Amino acid sequence: MPAREGTYGLLAEFETPGDLVRAARQAHQDGWRRMDCYTPYPVEEAAEAIGFHRNKVPLITLIGGLLGGAAMFGLETWISVLAYPLNIAGRPTYSWPAFIVPAYEWTILWAGLSAGFGMLALCGLPALYHPLFNAPNFRDGATTDKFFLCLEALDPKFDLHETKAYLGEFKPNSVVEVNY
Amino acid sequence: MANDSHASSHAKTLPAELGAPAFVDGWRNRALMTGVVFSVIALILAFLGQSQDHLGWDHFLRAWTLGTVITWGFAVGGLTLLMVQYCSGGKWGLLLRRPLEAMSRTLPLVFVYWVVIAIFMKRLYLWANYTSVSATAAGLKAGLITEIEAHCLNFKRPMLNPFAFLWVGLLCFAIWGLYAWRLNALALQRDAQGPETTPYWIKKFENVSGLGIVIYSATMTAAAIYWVMSIDVTWFSTVYGLLFLVEQGFQVLALGIIVALSLAKAEPFKTILRQTEQHDLGKLTFAFVMLNIYLNFGQFLIIWSGNLPNEINWYLDRIRGGWGVIITLDFLFHWLVPFTMLLSRDLKRNKRRLILVCQIMIFAVALNQFWLIEPSFKDAARNLHLSWGILEYIAVPVAMTAFWIAYFCTRLKTRPLVQVNDPHLKEILEPEHAHA
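All values derive from a computational prediction rather than experimental measurement.

### Here's the deal with the overall build of chain B
- Check the secondary structure of chain B and you find 19 helices and zero strands.
- For chain B, whose C-alpha radius of gyration is 23 Å, the value lies close to the compact-globule estimate of 22 Å for 436 residues.
- A principal-axis box enclosing the C-alpha atoms of chain B has dimensions of 85 × 45 × 40 Å.
- With 436 residues in all, chain B has 41% of them scored as buried.
- Long-range contacts, defined as pairs at least 24 residues apart, comprise 84% of the intrachain contacts of chain B with a sequence gap of at least 6.

### Quick notes on the UniProt feature "transmembrane region" (unreviewed entry) in chain A
Residue and element names in this part refer to chain A.
- Annotation from UniProt places "transmembrane region" (unreviewed entry) at residues 59-86 and 106-129.
- Annotated as residues 59-86, this span is 89% helix and 0% strand, and its ends, taken at the C-alpha atoms, are 38 Å apart.
- In the segment residues 106-129, helix accounts for 71% and strand for 0%; the C-alpha atoms at its two ends are 35 Å apart.

### Notes on the pairing of strand 3 (residues 147-152) of chain A
Residue and element names in this part refer to chain A.
- Taken across its six residues, strand 3 has five buried, putting it largely inside the fold.
- Looking at chain direction, strand 1 (residues 7-14) and strand 3 are connected through six bridges and run antiparallel. Its bridge partner lying in strand 3, Leu11 is registered against Cys150.
- For strand 2 (residues 35-38) and strand 3, the ladder comprises four bridges, and the chain directions are antiparallel. When the sheet's bridge partners are listed, Met35 is paired in strand 3 with Leu151.

### Concerning the packing of helix 13 (residues 275-306) of chain B against helix 14 (residues 309-317) of chain B
Residue and element names in this part refer to chain B.
- Running from N to C, helix 13 and helix 14 point in directions that differ by 125°, and their axes come no closer than 9 Å. As summarised for this structure, helix 13 and helix 14 are arranged oblique, according to the angle between their axes. In this structure, the crossing between helix 13 and helix 14 has a hand that is left-handed. Contacts between helix 13 and helix 14 involve Phe300, Ile303 and Gly306 from the former and Glu311, Ile312 and Tyr315 from the latter.

### Details of the sheet that holds strand 2 of chain A
All names here are of chain A.
- If you walk across this open sheet you meet the four strands as 2-3-1-4, and the pairing is antiparallel. Each edge of the open sheet is held by one strand with a lone partner, namely strand 2 and strand 4 (174-179). Recorded for the sheet is a direction-independent mean angle of 20° between the axes of neighbouring strands.
- Most of the contacts of helix 1 (residues 17-29) go to strand 3, to which it runs at about 20°, and overall it touches strand 1, strand 2 and strand 3.

### Thoughts on the packing of helix 11 (residues 240-263) of chain B against helix 17 (residues 351-373) of chain B
Residues and elements named next belong to chain B.
- At their nearest, the axes of helix 11 and helix 17 sit 9 Å apart, and the two run at 145° to each other. Crossing angle aside, the handedness with which helix 11 passes helix 17 is left-handed. Contacts between helix 11 and helix 17 pair Glu247, Phe250, Gln251, Ala254, Leu255, Ile257, Ile258 and Leu261 from the former with Lys351, Leu354, Ile355, Cys358, Gln359, Met361, Ile362 and Val365 from the latter.
- Residues that form the contact of helix 11 with helix 17 fall into these classes: 12 nonpolar, two polar and two charged.

### Some thoughts on the environment of Ile360 of chain B
Residue and element names in this part refer to chain B.
- Position of Ile360 among the secondary structure elements: in helix 17.
- With 16 C-beta atoms counted inside 10 Å, the residue Ile360 sits in the partly exposed group.
- A sequence separation of 106 residues divides Ile360 from Ala254, and the C-alpha atoms of the two residues are 9.0 Å apart.

### Overview of unusual backbone geometry
- Residue Pro126 of chain A is reached from Leu125 of chain A by a cis peptide bond, and omega for that bond is -5°.
- For the bond running from Glu267 of chain B to Pro268 of chain B, omega is 0°, close enough to zero to count as cis.
- Mapped onto the fold, Pro268 of chain B is located in the loop between helix 11 and helix 12 (269-272).
- Its identity is not glycine, yet Ala89 of chain A carries a phi of approximately 55°, on the positive side.
- Turning to its location among the elements, Ala89 of chain A is positioned in the loop between helix 3 (57-83) and helix 4 (96-122).
- On the basis of neighbour count, Ala89 of chain A is assigned to the exposed category, with 8 C-beta atoms found within 10 Å.

### Details of the domain arrangement of chain A
- As far as domains go, chain A holds domain 1 (7-54 + 130-179) and domain 2 (57-122).
- The C-alpha-based centres of domain 1 of chain A and domain 2 of chain A are spaced at 44 Å.

### Describing helix 10 (residues 198-227) of chain B
All names here are of chain B.
- Under the 1.5 Å per step criterion, the end-to-end length of helix 10 is 40 Å for 30 residues, consistent within 8% with the ideal 44 Å.
- Within helix 10, the full set of buried residues consists of Phe205, Ser209, Gly212, Tyr216, Thr219, Met220, Thr221, Ala223, Ala224, Tyr226 and Trp227.
- The inward-facing, buried residues of helix 10 contact helix 3 (56-88), helix 5 (107-119), helix 9 (162-192) and helix 11.

### Thoughts on the nonpolar core
- Among the nonpolar cores identified, the biggest contains 112 residues, and Ala260 and Ala399 of chain B are the most heavily contacted of them.
- Looking at this core, the element that brings in the most residues is helix 3 of chain B, giving 16 residues.
- The contact partners of Ala260 of chain B, leaving out residues within four places of it in the chain, are Leu95, Leu96, Pro99, Phe269 and Leu273 of chain B.
- Counting 24 residues, the second largest nonpolar core, distinct from the first, contains Ala12, Leu149, Tyr166 and Leu167 of chain A.

### Concerning helix 4 (residues 92-104) of chain B
Residues and elements named next belong to chain B.
- With 13 residues, helix 4 should cover 18 Å at 1.5 Å per step; its first-to-last C-alpha distance of 18 Å lies within 8% of that length.
- Of all bends in helix 4, the biggest is about 30°, found at Arg98, and the proline Pro99 comes one to four residues later.
- Most of helix 4 sits inside the fold, with 13 of its 13 residues counted as buried.

### So, the pairing of strand 1 of chain A
Residues and elements named next belong to chain A.
- Burial analysis of strand 1 places seven of its eight residues in the buried class, the great majority of the element.
- The sheet contact formed by strand 1 and strand 4 spans six bridges and is antiparallel. Bridge pairing links Leu11 to Val176 in strand 4.

What counts as what
- Residues numbered from 1 in each chain as written.
- Chains lettered and ligands numbered in written order.
- Predicted model: local features only at pLDDT ≥ 70, side-chain atom pairs only at ≥ 80, totals over all residues.
- Helix = DSSP H or I, 4+ residues; strand = E, 2+ residues; numbered from the N terminus.
- Rg over C-alpha atoms; globule rule 2.2 N^0.38 Å.
- Buried ≥ 20, exposed ≤ 12 C-beta atoms within 10 Å, placed from the backbone.
- Contact = placed C-beta atoms within 7 Å.
- UniProt positions renumbered as here; feature names shortened; annotations may be inferred.
- Pairing = 2+ DSSP bridges.
- Axes fitted to C-alpha atoms, helices over the stretch in contact; angles between N-to-C directions.
- Parallel < 35°, antiparallel > 145°, perpendicular 65-115°, else oblique.
- Left-handed = near helix turned anticlockwise from the far one by under 90°.
- Nonpolar A, V, L, I, M, F, W, Y, C, P; charged D, E, K, R; others polar.
- Domains from an automatic or database assignment.
- Expected span 1.5 Å × (residues − 1).
- Core = buried A, V, L, I, M, F, W, Y, C linked by C-beta atoms within 7 Å.
- Bend = angle between axes of the 7 residues up to and from the residue.

Structure (structure tokens):
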């Protein structure tokens, strides 16, 4: 964990998603990696522009679903075969057809919960503090009508003055320095 | 992106020539040759089977029923998915409408297939042989039928008799034909008019299709009961029509995807097929894969739980005596393989692999029908055995489906492949994520 002090990054504000995506794509092409886009609504193109082709949510969902299904099927088997075997109309205690429905429901439940909470966790949420909220224009615009590109100080290419001039070439509304 | 002025400048333009590409003729010729070869094989197998166990021609007709059900699923299922699409909307419809229309216009061939069943119904259906109470009593006395069968034959005679079979069949074909003709004719009229008429046509198609879907559900249930379920007079299931309905959606989507993706090798589909809509079709297919296992397992679970002698035997006929192998394979190809493969986002966006999954799905539909039809006959119930006749289940449906595909290709060539009077056309020509 790097020391949380000094400059977090440079934040450029754009008026339209198109401007943001063009700037983000160019920056990614120029070798920037520690960067992120912030938009008021999902802009898939922005994610693609900075190299987010895939994420781990599907894998987490799959694992959650499999674990949920296995857990419920195991529970039913344990109850019916070992813990409390009952003779129900002469059927075998291990009557798997009857176990399918709850196991199926639990697969869906746990896949859904895993998808939701996995997505939140991968996004780094819940977060009590994020340096970007130090920028007043970000606080006002990021959830309403402005589109932001942040080049972060952790990137080896980062230099306060050069990077500021570099972002200025994309004709943003403003470029502000954000501190931790 | 709607608010971006750069998107429109990158929009593709529709090619001037909208007809089916030339290689569709190649498909048709290959299908015709396959049909001829397998017809010859089917005839040879029938003679071999006849000399082996005197069931050669019986098996030929049973396999014919299978072939009829499959091609019927494509033709009438195609008509229904077309109607569903007109009601639901969505850009994926632009890819499928013309192939689905072509499927619906193959109905005459399916009718010919059905006529053969109608002519030879005595070889297929017990109820066609015992058409009166006295005939049933005589059959029971001679030990040709069981007491349960005799009871069911008498009880169900108002519905299961040759007269009703013929008239219900004719009525169903008339209704499907009417809808196929109407929707196909309206679609050409729609394209001949300008964009100012689009709202009118959208409403018009919705109104025709909405009622059509309801009527179709009833008629296809009747057909499924008469043609397949009634082979075993003793058994019934209230979800039977729905099973066939979902199965038709399953097989039509699979074929529709194969056709659309194969057509994309050339114009005009090369221009209008985007990954977004391909992905959407994959997701819709996934839903049908799930719905299908849901209903099939639901029926099994209820009958298994009830464990009643007049119901459970239907399943025992289809599980014991080697049939367990078939139902296991059916489960694998019908659900497990398509389900696990279609879960993957990458696979749904990969043309070659998506086509492979769809081919497996169509094979599974045939396997499932084999499992439904053959054990209904006494010589095969709880007794899966290899004979020359069993091989008819490969030869006859392959030949019939091949001829159907040839007919389908001919139909596909008769009109432009893209419906132009549609608001989605502009959207589908826009680039997907590449240009923001």
